[in-house]
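Coordinate inspection notes
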Amino acid sequence: MSQEAQGPEEKGFAVKNAGEARALQRVLAGRIKIVPLGKKPRFVAGADAAFLDDQVLAVACLFTYPEMELIDIKTVVMKVTFPYIPGLLGFREGPAVVRAVRGLMQKPDLLFIDGQGVAHPAKMGIASHAGLLLDIPTIGCAKSRLVGDYAEPGRKRGQRSPLFHKGELAGTVLRTKDGVRPVFISPGHRIDFEGSVEMALSCGRGFRIPEPTRVADMETKRLKKAMEEKKRQRYTEAVCKKHCSYYRPEKSARKCGAYLFLSGVLTAGEIEGVGPAERAAFDQDQVIRGLACGRCQFLTTWCPYRTAGPSKGKPCGGYLVIERLLSR
DNA sequence: GCGACAG
DNA sequence: ATCTTGTCGC
Ligand SMILES: [Mg+2]
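Bear in mind that the values here come from a model prediction, so they are computed numbers and not experimental data.

**Concerning the protein's contact with DNA strand C**
By nearness alone, every residue bordering DNA strand C is listed as A50, F51, K143 and K224. At 3.3 Å from a phosphate oxygen of DNA strand C is found a main-chain nitrogen or oxygen belonging to F51. Within the side chain of K143, a nitrogen or oxygen atom sits 3.3 Å from a phosphate oxygen of DNA strand C. Its residues assigned to classes, the surface near DNA strand C shows 2 nonpolar, no polar and 2 charged.

This is the structure we're talking about:
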């Protein structure tokens, strides 16, 4: 069975509000090293995150370099513990991302992260933060600007222009594909400005986004889609298959009103705790009609209960579940 | 006080 | 990031 990573949170992200987060960034920033990459990397990785309800889904992808052959993928699912606040992205995605990278079969020699490195108000974007905690050379590869000023780079792949923030070089606005919007590259940790641009280009394979973060992003979405599908199956199981006498395995283009209402308010786990359908003692019909039947697409053609009347037919499974929940 | 503002 | 159908271009 799939698990949600729990236990002691990554120590380097332990804050409980924006103020503490900014204070921690100021402390950690002093440890960031902008130095040339030691030797040519053998393994590079990319990491990104997606969100589903109250969970963060992080993925780290490992590649050989310079072949850029994908050799490992690590997934981590955790509870979301911090909101998105510009400048504090690391505290939202960082914990899961760091765990994912740590889970790879081989520690990468270079890591790409979807977000800024030192091109940040405190020079501590998510790439710097994660790179420092992991002690891995890291590059921030963002799709848009957080801070800094720059001139539009030439339209050819490889053309670039410096990104300046408060009179200092903060990153590079790099054109990774002819005529396509540039990306914002900035060193995160243990690599320099020049090296981060060279690596971003050499890890590219014809797309705007370098392979490491591009593939990590795709995997993140694929995992999310699979989780949503599993969630739907579990819900259909808990409500329709278990309680509805009208249930049919075939997919229908129409949506059950009671199902829609329930899925918007309760989780499958909460509904699985509902016992076998058993009519409640008192009448909740008016309430349920407003909550569910009002938007039910099966109402006129399939619902004997609504169409012919309570004495003629049985209500659907979702109706029964709602009724049972309301009666307690 | 008003805009800007990674994902 | 997420929501959300179709549509325009290579
Ligand atoms: Mg992302």
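On we go.
**As for the side chain of T172**
Turning to its location among the elements, T172 is positioned in strand β7 (residues 168–174). Residue T172 is classed as buried on the basis of its relative accessible area of 9%. Among residues more than four places away in sequence, those in contact with T172 are R160, S161, L163, V183, F184, I185 and V197.

**Some words on the coordination of the magnesium ion**
In an ideal octahedron of six donors the angles at the metal are 90 or 180 degrees, and in an ideal tetrahedron of four donors they are 109.5 degrees. Within the protein, the atoms that donate to the magnesium ion are D48 (OD) and D114 (OD), at distances of 2.1 to 2.2 Å. Remark: D114 occurs in the loop between β4 (110–113) and α3 (126–134) and D48 occurs in strand β1 (residues 43–52); sequence separation between them is 66 residues. Residue D48 shares its accessibility class with D114, and that shared class is buried.

**Overview of the packing of helix α2 (residues 89–102) against α3**
How two helices pack is summed up by the angle between their axes together with the distance between the axes. As a packed pair, α2 and α3 sit with axes 9 Å apart at the nearest point and diverge in direction by 40°. Considering their axes alone, α2 and α3 lie oblique with respect to each other. Read as a crossing pair, α2 and α3 show a hand that is right-handed. In this structure, α2 contributes L89, G90, F91, E93, G94, V98, V101 and R102 to the contact, and α3 contributes I126, H129, A130, L133 and L134. Taken together, the residues of the contact of α2 with α3 break down into 8 nonpolar, 3 polar and 2 charged.

**Observations regarding the environment of V56**
Residue position: V56 is located in strand β2 (residues 55–64). The class for V56 is buried, based on a relative accessible area of 2%. In this structure, the C-alpha to C-alpha distance between V56 and K224, residues 168 residues apart in sequence, is 9.6 Å. Setting aside residues up to four positions removed in sequence, V56 forms contacts with A49, A50, F51, V76, V77, M78, K79, V80, R92 and A96.

**Here's the deal with the packing of aromatic side chains**
For the structure shown, the criterion picks out 5 aromatic pairs. Between Y235 and Y259 the ring centres are 5.4 Å apart and the planes differ by 70°, which places this aromatic pair in the edge-to-face class. Here Y235, found in helix α5 (residues 211–243), pairs with Y259, found in helix α6 (residues 257–265); they are 24 residues apart in sequence, far enough to count as distant. Both rings, one in Y305 and one in Y319, keep their centres 5.1 Å apart while their planes meet at 65°; by these two values the pair is edge-to-face. With a gap of 14 residues between them, Y305 in helix α10 (residues 304–307) and Y319 in helix α11 (residues 317–326) connect regions that are remote in the sequence. Note on Y319: relative accessible area 3%, which makes it buried. Seen from the ring of F207, R214 lies directly overhead, with NZ or CZ sitting 3.7 Å from the centre.

**Topic: the protein's contact with DNA strand B**
Among the 18 residues in the neighbourhood of DNA strand B, the closest are listed as Y84, G87, K143, S144 and R145. The sugar-phosphate portion of DNA strand B accounts for 55% of its atoms within 4 Å of the protein, the bases making up the rest. Its residues placed into classes, the surface near DNA strand B shows 7 nonpolar, 6 polar and 5 charged.

**Structural notes on unusual backbone geometry**
With an omega of 10°, the peptide bond between Y65 and P66 qualifies as cis. Within the element layout of this structure, P66 appears in the loop between β2 and β3 (70–79). Its identity is not glycine, yet D53 carries a phi of approximately 55°, on the positive side. The topology assignment puts D53 in the loop between β1 and β2. Of note, the phi angle at R190 is positive, near 55°, even though the residue is not glycine. For R190, the position within the fold is in the loop between β8 (183–189) and α4 (193–202).

What counts, and at which threshold
Residues numbered from 1 in each chain as written. Chains lettered and ligands numbered in written order. Predicted model: local features only at pLDDT ≥ 70, side-chain atom pairs only at ≥ 80, totals over all residues. Heavy atoms only, no water. Near = heavy atom within 4 Å. Polar contact = N/O pair within 3.5 Å; in protein donor to acceptor, adjacent residues only side chain to side chain. Nonpolar A, V, L, I, M, F, W, Y, C, P; charged D, E, K, R; others polar. Helix = DSSP H or I, 4+ residues; strand = E, 2+ residues; numbered from the N terminus. Buried < 20%, exposed > 50% of the residue type's maximum accessible area, 1.4 Å probe, protein only. Contact = heavy atoms within 4.5 Å. Donors = N, O, S within 2.8 Å, 3.2 Å for Na, K, Ca; no water. Axes fitted to C-alpha atoms, helices over the stretch in contact; angles between N-to-C directions. Parallel < 35°, antiparallel > 145°, perpendicular 65-115°, else oblique. Left-handed = near helix turned anticlockwise from the far one by under 90°. Phe/Tyr/Trp six-rings, centres within 6.5 Å; stacked < 30°, edge-to-face > 60°. Lys NZ or Arg CZ within 6 Å of the ring centre and 35° of its normal.

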